[in-house]
Amino acid sequence: GNGIDNRNIADLPFQPDLVAVKRAGATAGAFRTSAHTGDISSFFAATADAANVVQTLTAGTFQIGTSGAVNTSASVYRWFAFKAGTNFSVGAYTGTGVTSLQVSAPFWSDAIWVKRSTAVAAVQRPSTLAGTASQAFLNTANVTTAITGINASGFTVGNATSVNTAA
């Protein structure tokens, strides 16, 4: 990192739809998808979405701000990026608070990540996880009321605040 705002990380061979960045230190990892709006990014920790982190995703480039999560002077960061395609998709949905909400996805997924914009932890569910369990990105036990299933139409969520609170 160099701490300078509007820093472009260039030479990607595609326009990314997901960029995740993690500092080699005690800072929560951050990510931005093409479904984010404005200058907003999310965190894997129980931290609300914020501006000035990963600021934009453009052809061959992503831009970072001055947030310590992505750009502290003399800190080392690692990142990865994905482009949407036949095996990767990003999206957004509005929670209802009703258990068994079906969320549409374009294919049967092997892994789902969900992060609410408020200060709750992100959760993920690999297709290999049995029952209705999901795994938090924090060091906590599995939860059975978050991502409760993966199916051909997308996935279902329970009523955990991390995945399904009425707007």
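Here goes a summary of the coordinates provided. None of these values were measured; they are calculated from a predicted model.

Reading guide: rules and limits
- Residues numbered from 1 in each chain as written.
- Predicted model: local features only at pLDDT ≥ 70, side-chain atom pairs only at ≥ 80, totals over all residues.
- Heavy atoms only, no water.
- Buried < 20%, exposed > 50% of the residue type's maximum accessible area, 1.4 Å probe, protein only.
- Helix = DSSP H or I, 4+ residues; strand = E, 2+ residues; numbered from the N terminus.
- Pairing = 2+ DSSP bridges.
- Lys, Arg positive; Asp, Glu negative; His and termini not counted.
- Salt bridge = Lys/Arg side-chain N within 4 Å of Asp/Glu carboxyl O.
- Polar contact = N/O pair within 3.5 Å; in protein donor to acceptor, adjacent residues only side chain to side chain.
- Contact = heavy atoms within 4.5 Å.
- Core = buried A, V, L, I, M, F, W, Y, C linked by side-chain atoms within 4.5 Å.
- Phe/Tyr/Trp six-rings, centres within 6.5 Å; stacked < 30°, edge-to-face > 60°.
- Patch = residues over 30% accessible without salt bridge, like charges linked within 9 Å, V, L, I, M, F, W, Y side chains within 5 Å.
- Areas by Shrake-Rupley, 256 points an atom, 1.4 Å probe, with all protein chains shown as cover.

Side note on the pairing of strand β13 (residues 147–151)
Every other side chain in a regular strand lies on the same face of the sheet, so the side chains alternate between the two faces. Here β13 lies mainly inside the structure; four of its five residues are buried. Connecting the antiparallel pair β13 and strand β14 (residues 154–157) is a turn made up of two residues.

Some points on the side chain of R32
Tracing the sequence through the fold places R32 in strand β3 (residues 30–33). Notably, R32 is buried but unbridged: the nearest opposite-charge side chain belongs to D39, and the N-O separation is 4.9 Å. Among the polar contacts made by the side chain of R32, one reaches the main-chain carbonyl oxygen of G38 at a distance of 2.8 Å. Among the polar contacts made by the side chain of R32, one reaches the main-chain carbonyl oxygen of Q55 at a distance of 3.4 Å. When neighbours within four sequence positions are excluded, R32 is seen to be in contact with D17, L18, V19, T37, G38, D39, I40, S41, V54, Q55, T56 and L57.

Looking at the pairing of strand β9 (residues 101–104)
Residues L101 and V103 point to one face of β9 and are all buried, whereas Q102 and S104, pointing to the other face, are not buried. Strand direction decides the pairing type here: β9 and β14, joined by four bridges, are antiparallel. Each bridged residue has a counterpart across the sheet, and for L101 the counterpart in β14 is V157.

Focus: the nonpolar core
Core analysis: the largest hydrophobic core is formed by 15 residues, its most contacted members being V21, V53, V54, F62 and V70. When contributions to this core are tallied by element, the ones reaching two or more residues are β2 (18–23), β6 (54–58), β7 (61–64) and β8 (77–82). Setting aside its immediate chain neighbours within four residues, F62 contacts R7, N8, I9, L12, V19, V21, V54, T56, L57 and W79.

A short note on the packing of aromatic side chains
The way to describe two aromatic rings as a pair is by their centre distance and the angle between their planes. For the coordinates displayed, the defined rule picks out nine aromatic pairs. Ring centres of Y93 and F155 lie 6.1 Å apart, and the angle between their planes is 75 degrees; this geometry places the pair in the edge-to-face category. In this pair, Y93 sits in the loop between β8 and β9 while F155 sits in strand β14, placing the two residues 62 residues apart along the sequence. Note on Y93: relative accessible area 29%, which makes it partly exposed.

Side note on the environment of A119
Position of A119 among the secondary structure elements: in the loop between β10 (111–114) and β11 (123–126). Under the relative-accessibility criterion, A119 is labelled partly exposed at 49%. C-alpha of A119 to C-alpha of S162: the two residues are 43 residues apart in sequence and 8.9 Å apart in space. Contacts of A119, omitting those with residues within four sequence positions, involve A46, T47 and A48.

Some details on a nonpolar patch on the surface
Where nonpolar side chains cluster on the molecular surface, the patch consists of F80, F82, W113 and F137 and spans about 370 Å² of accessible area. With respect to the element layout, F137 can be found in the loop between β12 (135–136) and β13.

Quick look at the sheet that holds strand β5 (residues 50–51)
Paired through their backbone hydrogen bonds, the strands of a sheet run either parallel or antiparallel. An order of β5-β4-β3-β2-β8 is seen for the five strands of this open sheet, with the pairing classed as antiparallel. Two strands in the sheet have a free side with no partner beyond their single neighbour: β5 and β8.

Some details on unusual backbone geometry
In most cases, non-glycine residues show a negative phi, while peptide bonds are predominantly trans. Phi at N6 is positive, roughly 60 degrees, even though this residue is not glycine. Residue S100 is not a glycine yet carries a positive backbone phi of 70 degrees. Relative to the assigned elements, S100 resides in the loop between β8 and β9. When its relative accessible area of 51% is taken as the criterion, S100 is described as exposed.

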